[in-house]
Amino acid sequence: MSSEGRMAFMPFITAGDPDLDTTVAVLKELANCGVDLIEIGFPYSDPIADGPVIQESYTRALNNHFQVHELFDVLKSLSSDQTTTLPPLVGMVSYAIIFRYGAEKFLNEASAAGFSGLIVPDLPGDEALEFSQKTQLANLDLVQLVSPLTPEDRTKRIVQSASGFIYCISVAGTTGVRDELPAELTVHLESLRQLTDLPLAVGFGISKPEHVDTLRGKADGFIIGSAIVKQFAAFSDSNQTREEVISSIGNYATEMMSATRG
Amino acid sequence: MTTILSDVPDASGRFGEFGRRFVPETLMHALEELTQEYEKAKQDESFQSELNDLLKHYVGRPNPLYFAERLTKHCGGGKIYFKREDLNHTGAHKINNTIGQALLTVRMGKKRVIAETGAGQHGVASAVACARFGLECIVYMGEEDIRRQKLNVFNMKMMGAEVRAVTSGSKTLRDAVNDAMRDWMSSVESTHYIIGSVIGPHPFPMMVRDFQSVIGKETRAQCLEQTGKLPDQVIACVGGGSNSAGMFYPFIDDESVKLIGVEAGGRGPEPGEHASTLSYGAKGVLHGSFGYVLQDSDGQTQDVHSISAGLDYPGVGPEHSYWKDSGRVNYTAITDNEALEGFQTMAKQEGIIPAIESSHAIAHAMKVAREAHSNETIVVCLSGRGDKDVNEVARLLGQEI
Ligand SMILES: Cc1ncc(COP(=O)(O)O)c(C=O)c1O
């Protein structure tokens, strides 16, 4: 991507919000917009890294009886469907779910469903060693997160066990749209760049093309969660049709795609 | 080699396979700093003497170990003693921990404190400790618990704390913990999170246990002095597990002492009807640590029910999970109705109105006492007083106040 001189755009959606059919329809729409990677969030009852928008989306999915194995089934049939080509999929999933499901079973099924990597936000580097070996065996990347509060010696250790890309959290806080990205972010990215050759993707708070402009040349990609997920609330709004909501998500993704080129 | 059960956790916060830190990277550095700061404070004589001084003159320790003669007679059998945490300032054991953590907050140079609360006792104890040290205090509390515990909400506000209503999920304790953790994610540099039980990521389960161990240490000494021997059985209620951990820990290596934790049996054993994590839960991750959790087969936390807001929690501290698996502590459950009965019997027989949480331990002690020989001593942790619960109890008994 950097050879094309543009940044990667990675939208985040919640699986099963409001149901898995909609998840499939939105995945196809995002794939048609040419996004570079899609992060699929597994709804979890007790998230601590997420702000209200994503938590509400998890609640909608869980109220509708989201089940992990059903998501895997749906994705499996989608990847054997010749009419759509999906970009790489990365799962964002709490370790609470992985552990209970059974780590090996989860990893094998995730891999078979077409995931190429996982982000496990509540599994910090210190606890990830054993698990990262298991993810490798299942042919999955384990993306590690680095926060602005992570000291340099910790960062060094974290990037060593990371693969895929490094998820750089823009601010100390939870997910959610913010007006401006913090000024220190640039410095943080520059120092990270010294520590790893892995691509750097920035997430938390990004919603506008202007945000992307400030990251250009410093990051390799960006993740947008809440700004997309908040549009999912409209699926339960009877004034809009499903198609209208999906196409407005598509329009937003297209706008952000063009921002990747500057 | 025999393992010494008291020698946990290790440096990474492991109680056997339980505990550790399952939190976002953003919190990791603060947890490391807190661990170091706490270790230093523990070795620091001036910290310890200030803490002891406050426990004595502000909290009112040591509180009595009381022989409940009438209740003993009523049950017939073993002798029932109560460790009177209800006589502490603020009326519950929670203050032992908040005073300790508030001192640590001051030591770390932080000025803002957040806390979560179910029954409101930890919220009140945090508000008190913060008022005492001039710290800003924000308490997260589920909307349902705000309804159940109006008196405590009023008290917190009187002492200058801000009470933030939590409207997500089940609107109870576990949602309050979620929201407090989220606040901490964005404020961790200026704020200390005073967790109210032996839950959460390392070092909280260890630190809270240590601060609460004053209960068991005093009980041990008082028992030896008053009865000439160690107790035969020690009983305490288990929500997150702090009053029981504080009570049990100093007895852990005394093999002759039987330890029993009493969870909230609610309306019965079906999912959603109780809060008996150790009786019905499975191993998993919740709120930053690994232990038993009430969850479904996908790892989603289950809704819980208890008559008592303070026991209404789908997880439990990692050290209790460790004690359960090692067989050192037995865990059992008492239903809502049994607890209500324990509450009323205690009031009539002893003239003490216990917290509805503690009433679970009392109800179980009454069962145990009936089966025990008259020279056996049964010590119950009376974790708190029941003023906060009288409105709810009256409502359940169909009476007006
Ligand atoms: C009086 C009393 N006892 C017991 C508990 C349960 O907490 P833990 O299990 O941490 O002692 C509470 C919690 O609010 C309480 O107020």
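Here is what the cut-offs are and how they apply
Residues numbered from 1 in each chain as written. Chains lettered and ligands numbered in written order. Predicted model: local features only at pLDDT ≥ 70, side-chain atom pairs only at ≥ 80, totals over all residues. Heavy atoms only, no water. Helix = DSSP H or I, 4+ residues; strand = E, 2+ residues; numbered from the N terminus. Contact = heavy atoms within 4.5 Å. Near = heavy atom within 4 Å. Polar contact = N/O pair within 3.5 Å; in protein donor to acceptor, adjacent residues only side chain to side chain. Areas by Shrake-Rupley, 256 points an atom, 1.4 Å probe, with all protein chains shown as cover. Nonpolar A, V, L, I, M, F, W, Y, C, P; charged D, E, K, R; others polar. Domains from an automatic or database assignment. UniProt positions renumbered as here; feature names shortened; annotations may be inferred. Buried < 20%, exposed > 50% of the residue type's maximum accessible area, 1.4 Å probe, protein only. Core = buried A, V, L, I, M, F, W, Y, C linked by side-chain atoms within 4.5 Å. Buried area = accessible area lost by both parts, 1.4 Å probe. Salt bridge = Lys/Arg side-chain N within 4 Å of Asp/Glu carboxyl O. Arc of directions from axis to C-beta. Disulfide = S-S within 2.5 Å. Axes fitted to C-alpha atoms, helices over the stretch in contact; angles between N-to-C directions. Left-handed = near helix turned anticlockwise from the far one by under 90°. Parallel < 35°, antiparallel > 145°, perpendicular 65-115°, else oblique.

1. A look at the environment of Val234(B)
Residue and element names in this part refer to chain B.
- Inspection of the secondary structure puts valine 234 in strand S9 (residues 233-237).
- For the pair valine 234 and phenylalanine 248, spaced 14 residues apart in the sequence, the C-alpha separation amounts to 7.4 Å.
- The residues contacting valine 234, other than those within four sequence positions of it, are Met247, Phe248, Phe251, Val257, Lys258, Leu259, Ile260 and Val379.

2. Things to note about the site of the ligand
All names here are of chain B.
- The environment of the ligand is formed by 18 residues, the closest being Ser197, Gly239, Gly241, Ser242 and Ser383.
- A distance of 2.9 Å separates an oxygen atom of the ligand from a polar atom in the side chain of histidine 93.
- Glycine 239 places a polar main-chain atom, nitrogen or oxygen, 2.7 Å from an oxygen atom of the ligand.
- Contact with the protein chains removes 97% of the 400 Å² of surface that the ligand exposes when unbound.
- Residue composition of the shell around the ligand, grouped by class: 5 nonpolar, 11 polar and 2 charged.
- Counting contributing residues, the shell around the ligand receives three or more from each of domain 1 (16-47 + 94-204) and domain 2 (57-91 + 213-397).

3. As for the UniProt feature "modified residue: N6-(pyridoxal phosphate)lysine" (unreviewed entry) in chain B
Residues and elements named next belong to chain B.
- In the UniProt entry, the feature "modified residue: N6-(pyridoxal phosphate)lysine" (unreviewed entry) is given for Lys94.
- Overall, lysine 94 belongs to the buried group, its relative accessible area being 17%.
- When near neighbours in sequence (up to four residues on either side) are disregarded, lysine 94 contacts Gln121, His122, Ala125, Gly196, Gln212 and Ser242.

4. Things to note about the UniProt feature "domain: Tryptophan synthase beta chain-like PALP" (unreviewed entry) in chain B
- Feature annotation in UniProt places "domain: Tryptophan synthase beta chain-like PALP" (unreviewed entry) on residues 60-384 of chain B, given in this structure's numbering.
- The straight-line gap between the two end C-alpha atoms of residues 60-384 of chain B is 14 Å; of that span, 42% is helix and 21% is strand.

5. Here we look at the nonpolar core
- Formed by 171 residues in total, the largest nonpolar core has its most connected members in Phe42(A), Phe106(A), Phe115(A), Phe131(A) and Leu215(A).
- With 8 residues, helix H11 (residues 242-259) of chain A is the largest single contributor of residues to this core.
- Taken domain by domain, this core gets at least three of its residues from each of domain 1 (16-47 + 94-204) and domain 2 (57-91 + 213-397) of chain B.
- Among residues more than four places away in sequence, those in contact with Phe115(A) are Ile40(A), Phe42(A), Phe72(A), Leu75(A), Leu89(A), Val90(A), Gly91(A), Ala110(A) and Leu140(A).
- Core analysis: the second largest hydrophobic core is formed by 29 residues, Ile260(B), Leu294(B), Ile334(B) and Ala372(B) among them.

6. Some details on the interface of chain A and chain B
- Taken residue by residue, the interface counts 38 residues in chain A and 34 residues in chain B.
- Across the chain A/chain B interface, buried area totals approximately 3000 Å², and carbon plus sulfur atoms make up 52% of it.
- For chain A, the biggest contributors to the area lost against chain B are Ile48(A), Arg100(A) and Leu149(A); these three give 24% of the whole.
- Counting across the interface, chain A meets chain B through 4 salt bridges.
- Linking Arg174(B) and Asp46(A) is a salt bridge whose minimum nitrogen-to-oxygen distance equals 2.8 Å.
- Applying the counting rule to chain A against chain B returns 19 residue pairs in polar contact (both at pLDDT 80 or more).
- Every element with two or more residues in the side of chain A that touches chain B is listed here: helix H2 (52-63), helix H4 (95-101), helix H6 (125-137), strand S5 (141-146) and helix H7 (152-161) of chain A.

7. Examining helix H5 (residues 103-112) of chain A
All names here are of chain A.
- When we look at burial in H5, the residues that qualify are Ala103, Phe106, Leu107 and Ala110. Buried positions in H5, seen along its axis, are confined to an arc of 95° and lie on one side of it.
- Where the residues of H5 are buried, they touch helix H3 (68-79), H4, strand S4 (115-119) and H6.
- With its phi angle positive at about 105°, glycine 114 sits one or two positions after the end of H5.

8. Focus on the pattern of salt bridges
- Summed over the entire model, instances satisfying the criterion amount to 44 salt bridges over all chains.
- A salt bridge links Arg154(A) to Glu32(B); its shortest N-O distance comes to 3.1 Å. You can see Arg154(A) sitting in helix H7 and its partner Glu32(B) sitting in helix H1 (residues 25-43), one on each of two chains.
- On the basis of relative accessible area, Glu32(B) is assigned to the partly exposed category, the value being 22%.
- The partner of Asp183(B) in a salt bridge is Arg164(B), with the nearest N and O atoms 3.6 Å apart. Of this pair, Asp183(B) sits in helix H8 (residues 173-187) while Arg164(B) sits in strand S7 (residues 162-166), and the two are 19 residues apart along the sequence.
- Residue Asp183(B) is classed as buried on the basis of its relative accessible area, which comes to 10%.
- The structure contains a network of salt bridges with shared partners spanning Glu39(B), Lys42(B), Arg209(B), Asp210(B) and Glu319(B).

9. Some words on the state of the cysteines
- What the rule picks out here adds up to 0 disulfides over all chains.
- There is no disulfide at Cys381(B), and the cysteine sulfur nearest it, in Cys237(B), is 7.0 Å away.

10. Description of the packing of helix H1 (residues 20-32) of chain A against H11(A)
Residue and element names in this part refer to chain A.
- Interaxial distance between H1 and H11 falls to 9 Å at its minimum, and their mutual angle equals 35°. Crossing geometry of H1 relative to H11 is assigned as right-handed. Counting all contacts with H1, which are made through Asp21, Thr22, Ala25, Val26, Glu29 and Leu30, the residues of H11 involved are Arg242, Ile246, Ser247, Ile249, Gly250 and Ala253.
- Split by residue class, the contact of H1 with H11 holds 6 nonpolar, 3 polar and 3 charged.

11. Thoughts on the packing of H1(A) against H3(A)
All names here are of chain A.
- It is at 11 Å that the axes of H1 and H3 come closest, and there the two elements cross at 40°. One element, H1, and the other, H3, form an angle in the oblique class. When you trace H1 past H3, the crossing you get is right-handed. Residues Leu20, Val24, Leu27 and Lys28 of H1 pack against Glu70, Leu71, Val74, Leu75 and Leu78 of H3.
- Of the residues contributing to the contact of H1 with H3, the split by class is 7 nonpolar, no polar and 2 charged.

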